[in-house]
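As a plain string of letters, each chain reads:
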Amino acid sequence: MTAQRRTVRRTVLAVTVSVAALTLAACGNDGDGKASGGTASATATSSHNAADVSFSKDMIQHHRQAVEMAGLAAGHASSAQVKSLATKIEGAQAPEIKTMSGWLTSWGEQVPKDMSGMDSGMGHDMSSSTPGMMSDADMGKLEKASGADFDTMFLTMMVEHHQGAVDMAKAEKADGSYAPATRLAADVITAQSAEIKQMNTMLGKS
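What comes next concerns the included structure. What you see is a predicted model; the values in this text were computed from it and never measured.

Within the element layout of this structure, Asn200 appears in helix H7 (residues 179-202). Separated by 44 residues in the primary sequence, Asn200 and Thr156 have C-alpha atoms spaced 8.1 Å apart.

Every α-helix winds through 3.6 residues per turn, so residues three or four apart in the chain are directed the same way. Along helix H5 (residues 136-144), the residues classified as buried are Asp136, Met139, Gly140 and Leu142. End-on, the buried residues of H5 take up no more than an arc of 165 degrees, which puts them together on one face. Residues of H5 that are exposed and point more than 90 degrees away from the buried face comprise Lys141 and Lys144. Where the residues of H5 are buried, they touch helix H3 (50-76) and helix H6 (147-175).

Quick look at the side chain of Glu172 now. By the secondary structure assignment, Glu172 is in helix H6. Notably, Glu172 is buried but unbridged: the nearest opposite-charge side chain belongs to Lys173, and the N-O separation is 10 Å. When residues no more than four places from it in sequence are discounted, the contact partners of Glu172 are Ala51, Asp52, Phe55, Tyr178, Ala181, Thr182 and Ala185.

Once that is clear, we can look at the nonpolar core. By size, the foremost hydrophobic cluster in this structure holds 42 residues, and its most contacted members are Met69, Phe150 and Phe154. Within the residue set of this core, elements represented by two or more residues are H3, helix H4 (80-106), H5, H6 and H7. Once you skip the residues sitting within four places of it in the chain, Met69 turns out to touch Met134, Met139, Leu142, Phe150, Phe154, Met157, Met158 and His161.

What counts, and where the lines are drawn
- For every chain, the first residue of the written sequence is number 1, and numbering continues from 1 along that sequence.
- Since the coordinates come from a predicted model, pLDDT governs what is reported: local features require at least 70, and pairs of side-chain atoms require 80 or more to be given and counted, while whole-chain, interface and lining totals use all residues.
- Excluding hydrogens and water, the side-chain values take into account all heavy atoms of the structure.
- Runs of H or I in DSSP of at least four residues are treated as helices and runs of E of at least two as strands, each being numbered from the N terminus.
- Burial here depends on accessible area, computed with a 1.4 Å probe over protein chains only, as a share of the maximum for the residue type. Under 20% is buried, over 50% is exposed, and the range in between is partly exposed.
- Here the arc refers to the directions that run from the helix axis out to each C-beta atom.
- Residue contacts follow a heavy-atom distance rule, with two residues in contact if any of their heavy atoms lie within 4.5 Å.
- When charges are counted, neither His nor the chain ends are considered; positive counts come from Lys and Arg and negative counts from Asp and Glu.
- The working definition used for a salt bridge is a side-chain nitrogen of Lys or Arg within 4 Å of a carboxyl oxygen of Asp or Glu.
- Only buried residues count toward a nonpolar core. Its members are Ala, Val, Leu, Ile, Met, Phe, Trp, Tyr and Cys residues joined through side-chain atoms within 4.5 Å.

Encoded structure:
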């Protein structure tokens, strides 16, 4: 009886070890035999490409100009609707600038210098290279306008500005690989498309 018990115990122990080994193997590999787990997923999620970098750099500058334009409304606009919209634009885009700057820093990329608010003729006119950006001359006209003239000029310029941002965001969704950036691009398309419609209505165009 003693010998039989020892044999049974050895058999049970061997089976237990085999089951444990199989369980560990299943946890450490997927169906293709490749390692799976949080590290691999995190690496895949955090990957970025040149389109993500370009989108972040250009959209930071684009947002900065929108924030600058919106900041003029408090002292120049006559319409409460225009002032409210400007506040909304500034409140949405300022945090996004901070977010994209953080991405660039984490990727070892340089955050673009803030050229907003500088005098014209300083060489920071990006209107020729970035969709929807206002020229220095455009910004100068907006700064000098007031009342109903400002309201019309602001809305007209911001519609064009927003359309440029939507185009940039669509390109990022198509070409980017960094999930947070493509999600931000989708948010930009949704929010700014709605604001374009709102501004066109305020201009009497729809």
